[in-house]
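Each chain is listed here by its residues.
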Amino acid sequence: MSDTNQLLEEITGSEYKYGWTTNIDTETAPKGINAEVIRFISQKKNEPTWMLELRLKAFRHWLTLEEPRHWAKIQYPAINFNDIIYFAAPKPKKQLKNLNEVDPELLKTFEKLGISLEEQKRLSGVESSIAVDAVIDSVSVKTTFKEVLAEKGIIFCSFSEAVQEHPELVKEYMGSVVPYTDNFYAALNAAVFSDGSFCYVPKGVRCPMELSTYFRINSAGTGQFERTLIIADEGAYVSYLEGCTAPKRDENQLHAAVVEIVAHKNAEVKYSTVQNWYPGDKDGKGGIYNFVTKRGICIGNNSKISWTQVETGSAITWKYPSVILKGDNSIGEFYSVAVTNNLQQADTGTKMTHIGKNTRSTIVSKGISAGKSNNSYRGLVRINKGAHNARNFSQCDSLLMGDKCGAHTFPYIEIKDKSAIVEHEATTSKIGEDQLFYCNQRGIETEKAIGLIVNGYCKEVLNQLPMEFAVESQKLLAVSLEGSVG
Amino acid sequence: MNATVEKIKTGDKFAELFDRLHTQLPGNASIQSIRKNAIAAFLKQGIPTRKNEEYKYSLPEKLFKTNYSLATKLPSLQITADDSKTFDISGITQNKIVLINGFYSQQLSSVNNLTKGVIVSDISTSFEKHAAHIEKHFAKYANVDADPFIALNSALNANGLFIFVPENTVVEQPIHIINIITANELSLIQPRNLFIIEKNAEIKIIESLDAYKLSTNVVVNMVTEISVAEQSKVQYYKLQNDCEKIAQINTTQVYQLENSHFDTNTVTLNGDWVRNNLNIVVDAENCETHLNGLFISKNNQHIDNHTLVDHQKPNCQSNQLYKGVLSGKSTGVFNGKIYVRRDAQKINAYQSSKNILLSDDATINTKPELEIYADDVKCSHGSSTGQLNEDALFYLRARGLSTDSAKRMLLYAFASDAINTIRIDVLKEHIDKLIEKQLIQ
Amino acid sequence: MLSIKNLKAGIAGKEILKGINLEVKAGEVHAIMGPNGSGKSTLSNVLAGREDYDVSDGQVLFNKKNLLEMPPEDRAREGLFLAFQYPVEIPGVSNINFLKTALSEIRQYKGLPPLDTKEFLKLVKEKQALVEMQGSLANRSVNEGFSGGEKKRNEIFQMAMLEPTLAVLDETDSGLDIDALRIVANGVNMLRAKNRAFVVITHYQRLLDYIVPDFVHVLYNGRIVKSGTKELAMELEEKGYEWIKELAPAV
């Protein structure tokens, strides 16, 4: 044991490999938040008045709110919201018509991220291809495959573009799932959000490819506040992927995003995240504060929303991708792997609110804590009165590696209908020494064995990911936990 | 008898009340300083609101919206020996202690043949008489900063029970503590108990709470501290049955030392608004702790069981099973937390909460929590809520049982799980009967 | 005793029984055989009154009373016993308490006083011997932790205790090894009587070597497509269910 513990300490804090910065000319707002800054953002984006009004309304509401610091199991110094740059856009040299005109530095960034836009373009039409929207410092820089998708009537573009091109859809749906009154960070986001992704899949259309957004924070001192809005109309299907990275910086950077999903009758949305924001160094210096509000509503009967997340990054993660099961027979799913190492803190989980009849939800959460980190599952299952025959099953497992970390489970279960069947199970354990020994005996070194065992432990969740992401996630898990052992 | 009557409205009135009253309450200088410290802690916390995570599902605010008189003296009402017998548990008569609103009734109690050295006394006289024990244990476990109701009780308790079991002493016969609550005006009643079980000693305590000629609603805020020393074994049973007009916050604070066993059952079959706090600190190795609970709620009742098992040292095990059967417009809450401190390795801790909803208007909120800081542990919890198994119901009916009797049989089977651990046969039979009676209604 | 006329029933909107006709007289043993999905279990569940099944047409008379109108418990009290294919486990309910309650309710229905505990226990002991059941099983929770064989023996034991006039055995042989099969069959044979009838539902002929039927019916696609004596079972065993499919062209 002591050997493996030593190994753990030696190797924990394995290098974050996405920690470069890109030398791109950016245009930034002055530091701080006030009505002027919000007007500046809105003006930069050439927004219609209704959007500016909405931002200001959210801002005024935000001023009345207190930063939520008490209920989640996370600790951090108070954030000075006037010390953040709320808008930083890569400065456009001119209107981009095709990929050749994209800033070559930017293209290099994406190559480093492993998503070459050019490659994406070339692969157009190939079965396994992915349409990508890339967001750097809150601004969408390039969306691929737009034309291919347009043929099917699918709108996939940056949020700013949607505001210009599809104001009726944005007006109808923005804030319908996460209103700005929802919480402190949702209000902040609604006031200062700079961009994000927008997706609309029309009636009866099955989106032929995975849609994907890569988020990247680049500039120093900035916060990232993007918004994603996905609407699946009746009978539509879409699978959406989200990946995130950020450069290594000694300061903490704030990421406060909002994701809204609307699933109409018979529609299905699958949303997968691989979150790998910079977690800070092994002494806890720097790293992203990831305070995100994600929620979907199964508004129509027989609809389904499924969240899958692999959370390995960020100094602090505070997110609860949730589903409101309003339509009868609707289904909500949450599959999560959260890994914390060094001094990372994660307080993550989901909320399943059952309103419609015969609604079903499944929660599978795997938390893995190593180093001196703290990893909490926090979830709510609520069965409203009248949600007849609602079913929920939750499984929350925690794995501890080493004796300096913490693993916690805080499920809230509220049931107001007698026909509900709700089951919750949680376990806490460590990697069995016998499992490790078995692997060792078969010639597998401890570090590899841990990777194997952890991947096995998370299989139920990783299986939910689209192929392209599953492979990446497995590697990511192994890297995040290099040397950690329990 | 003249009870000191003080009108109180809301939490902030308590400061003024305390200033006027505390010198009349029992206790020497050191007790008085505990009281002062406690009132400050209470005022800092106040009556919990929705924002207080620990009271999220049980808002006591409404209990404190009206005027209450603070009961600081024994009520004038006479209870005859015959009347008090109605609260007996048949088969348990040898050691019977009657407390009226927390005040020890010499006349109605009968404690016979206690082993030498065992002390059973009211706490107010024990403050002086057994000052050494008090000094060492009183208010040492129930932390006034952890809960406003512990603080309020610590500041303004008027009386209660003191039990001391010396080293190597086994109290063979169970001790039945009958808490009789009686009042003819809205009252806040705050009994304060301290049970000290010394090394290698054993005791079984049954505590029941019953209303007598209660013409009005009352709030009982009771705090019981139990010190369980090395190698000792304690069985502690709480029966809350006849208390329709009683809102109660009932806190049990247990402190366990090496190789000790603490087993407890909380059975709540009646009550207006009940909040049971059961906090167990396991501060040494090789301890065993068993917590079981059952509640059957109906009408507008609100029953909340809040448990905390705090494993501070390695090599211990704890087990929890709580069951609830809810009907009417009642609300049930189970909030259980298992806490495993850093380096408290080799802990086995299990927790299970199971509930059945019988009506469309009943609500159950559960929050089974784990907070774990040691890796070599086995901890798990499960919570399930559902209905009676339809297949089982059909099976029973196919064998000729009526739907009603089949349901009763299944409900009883469901409930009995949580009382099967009771190791005093006559008590178990007594509770069995009460449950059957409840299920027939 | 039992008269089924043109019984049509199904589950979740799907018709499974498409017109069953069957007459069972006191003292007779009828075997109903059929391939998977032919409707065997539906028939037993409909007879016992499981509420998931809907009867769309037809009539079932049991001792001249309309069986389909009765709730399951009254069917049991009238003397219908179903030995379940998959007896459910009921944690916390002891076998003994369960049987005592069932027996008392059935007796009460018939206007008989309940047995006193002594008589009851005597009966338990006597009937347990019938299925070579150990005393300890009777004290455990109903079917909880029982092996497959123990569950089936428990069903026959209950049948012996409740003394029905018509017993429906739903694939009682499934999951039994040869010894358990023999014990179960012996139990049944000892309970055969002039005033009691049996409907034995099975997939295999094997059971019928032990419980010899007076009549054999072949159920296929929701209908009885062939009836005969015990020789029919032998023929079926030899030729297989494919043979039946030829006999009964799909409707």
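Since the structure is predicted, the reported quantities are computational estimates derived from the model, not experimental observations. (Residues numbered from 1 in each chain as written. Chains lettered and ligands numbered in written order. Predicted model: local features only at pLDDT ≥ 70, side-chain atom pairs only at ≥ 80, totals over all residues. Heavy atoms only, no water.)

## A look at the overall build of chain B
- If you tally the helices and strands in chain B, you get 9 helices and 23 strands.
- Scaling as 2.2 N^0.38, a compact globule of 441 residues should have a C-alpha radius of gyration of about 22 Å, and chain B matches this with 21 Å.
- Along the longest, intermediate and shortest principal axes, the C-alpha atoms of chain B span 70 × 50 × 50 Å.
- Residue burial in chain B is summarised as follows: out of 441 residues, 65% are buried.
- In chain B, 84% of the contacts between residues at least 6 apart in sequence involve partners at least 24 apart.
- For chain B, the accessible surface area stands at approximately 15700 Å², while carbon and sulfur atoms represent 46% of it.
- Of the charged side chains in chain B, 46 are positive and 49 negative, and the gap between their average positions amounts to 3 Å. (Helix = DSSP H or I, 4+ residues; strand = E, 2+ residues; numbered from the N terminus. Rg over C-alpha atoms; globule rule 2.2 N^0.38 Å. Buried < 20%, exposed > 50% of the residue type's maximum accessible area, 1.4 Å probe, protein only. Contact = heavy atoms within 4.5 Å. Areas by Shrake-Rupley, 256 points an atom, 1.4 Å probe, with all protein chains shown as cover. Lys, Arg positive; Asp, Glu negative; His and termini not counted. Charge placed at Lys NZ, Arg CZ, Asp CG, Glu CD.)

## Brief notes about the overall build of chain A
- Assigned secondary structure in chain A consists of 13 helices and 24 strands.
- Split into buried and exposed, the 486 residues of chain A put 63% on the buried side.
- Considering only intrachain contacts with a sequence separation of at least 6, the fraction spanning at least 24 residues in chain A is 84%.
- Approximately 18200 Å² of chain A is accessible, and the part contributed by carbon and sulfur atoms is 48%.

## Digging into the interface of chain A and chain B
- Across the boundary between the two partners, chain A contributes 34 residues, which contact 38 residues of chain B.
- Summing the contributions of chain A and of chain B, the shared interface buries around 2800 Å²; its carbon and sulfur component is 45%.
- At the boundary of chain A and chain B, one finds 3 salt bridges.
- Measuring nitrogen to oxygen at the nearest pair gives 3.8 Å for the salt bridge that ties Asp376 of chain B to Lys430 of chain A.
- Where chain A meets chain B, there are 21 residue pairs in polar contact (both at pLDDT 80 or more).
- Its residues assigned to classes, the side of chain A that touches chain B comprises 12 nonpolar, 11 polar and 11 charged.
- Where strand E23 (residues 406-415) of chain A and strand E22 (residues 363-372) of chain B come together, 6 bridges link them in antiparallel fashion. Pairing of Ile415 of chain A across the sheet is with Ile364 of chain B, part of E22 of chain B. (Buried area = accessible area lost by both parts, 1.4 Å probe. Salt bridge = Lys/Arg side-chain N within 4 Å of Asp/Glu carboxyl O. Polar contact = N/O pair within 3.5 Å; in protein donor to acceptor, adjacent residues only side chain to side chain. Nonpolar A, V, L, I, M, F, W, Y, C, P; charged D, E, K, R; others polar. Pairing = 2+ DSSP bridges.)

## Observations regarding the side chain of Asn159 of chain B
All names here are of chain B.
- With respect to the helices and strands, the residue Asn159 is situated in the loop between helix H6 (148-156) and strand E7 (161-165).
- Residue class for Asn159 comes out buried when judged on its relative accessible area of 7%.
- Within the structure, the side chain of Asn159 is placed 3.5 Å from the backbone nitrogen of Ile123, a separation counted as a polar contact.
- Of the polar contacts made by the side chain of Asn159, one reaches the side chain of Ser124; its length is 3.3 Å.
- Those residues in contact with Asn159 that lie beyond four places of it in its chain are Gly102, Phe103, Asp122, Ile123, Ser124, Gln190, Pro191 and Arg192.

## Overview of the domain arrangement of chain B
Residue and element names in this part refer to chain B.
- Taken domain by domain, chain B comprises domain 1 (4-284) and domain 2 (394-441).
- The C-alpha centroid of domain 2 is placed 31 Å from the C-alpha centroid of domain 1.
- In this assembly, 17 residues from domain 1 lie in contact with 13 residues from domain 2.
- Taken together, the two surfaces of domain 1 and domain 2 that pack against each other cover about 1200 Å², and 66% of this comes from carbon and sulfur.
- Area buried by domain 1 at its contact with domain 2 is led by Tyr237, Asn265 and Leu269, which between them contribute 38% of it.
- On the surface where domain 1 and domain 2 come into contact, there are 1 salt bridge.
- A salt bridge links Asp263 to Arg423; the nearest nitrogen and oxygen atoms lie 2.3 Å apart.
- Per-element tally for the side of domain 1 that touches domain 2: the top contributor is strand E13 (residues 233-242), with 4 residues.
- Residues belonging to the side of domain 1 that touches domain 2 are distributed by class as follows: 8 nonpolar, 6 polar and 3 charged. (Domains from an automatic or database assignment.)

## Details of the packing of helix H3 (residues 49-63) of chain A against helix H9 (residues 184-192) of chain A
All names here are of chain A.
- Direction vectors running N to C along H3 and H9 enclose 145°, while the axes themselves pass 7 Å from each other. For the pair H3 and H9, the sense of crossing is left-handed. Side by side, H3 and H9 meet where Arg55, Ala58, Phe59, His61 and Trp62 of the first sit next to Phe184, Ala187, Leu188, Ala190, Ala191 and Val192 of the second.
- Here the contact of H3 with H9 is composed, by residue class, of 9 nonpolar, 1 polar and 1 charged. (Axes fitted to C-alpha atoms, helices over the stretch in contact; angles between N-to-C directions. Left-handed = near helix turned anticlockwise from the far one by under 90°.)

## A look at the interface of chain C and chain B
- In this complex, chain C contributes 31 residues to the contact, which on the side of chain B involves 17 residues.
- Here chain C packs against chain B, burying approximately 1900 Å² in sum over the two surfaces, 63% of which is carbon and sulfur.
- Taken together, the links from chain C to chain B amount to 4 salt bridges.
- As a salt-bridge pair, Glu73 of chain C and Arg397 of chain B come within 2.6 Å of each other at their nearest N and O atoms.
- Here chain C and chain B share 13 residue pairs in polar contact (both at pLDDT 80 or more) between them.

## Topic: the packing of helix H7 (residues 390-398) of chain B against helix H8 (residues 403-416) of chain B
All names here are of chain B.
- The interhelical angle for the contact between H7 and H8, taken along N-to-C directions, is 130°, at an axis separation of 9 Å. It follows from the interaxial angle that H7 and H8 lie oblique. The two elements H7 and H8 cross, and the hand of that crossing is right-handed. In contact with Ala392, Leu393, Leu396 and Arg397 of H7, H8 contributes Thr403, Ala406, Lys407, Met409 and Leu410. (Parallel < 35°, antiparallel > 145°, perpendicular 65-115°, else oblique.)

## Quick word on the pattern of salt bridges
- By the definition in use, this model includes 44 salt bridges over all chains.
- A salt bridge links Lys304 of chain A to Glu333 of chain A; the nearest nitrogen and oxygen atoms lie 3.6 Å apart. Note that Lys304 of chain A is positioned in strand E14 (residues 304-311) and Glu333 of chain A in strand E17 (residues 331-340), a separation of 29 residues in sequence.
- Given a relative accessible area of 22%, Lys304 of chain A falls into the partly exposed group.
- Residue Lys127 of chain C is joined to Glu163 of chain C by a salt bridge in which the shortest nitrogen-to-oxygen separation is 3.6 Å. Placement of the pair is Lys127 of chain C in helix H4 (residues 117-130) and Glu163 of chain C in the loop between helix H6 (148-162) and strand E9 (166-170), with a sequence separation of 36 residues.

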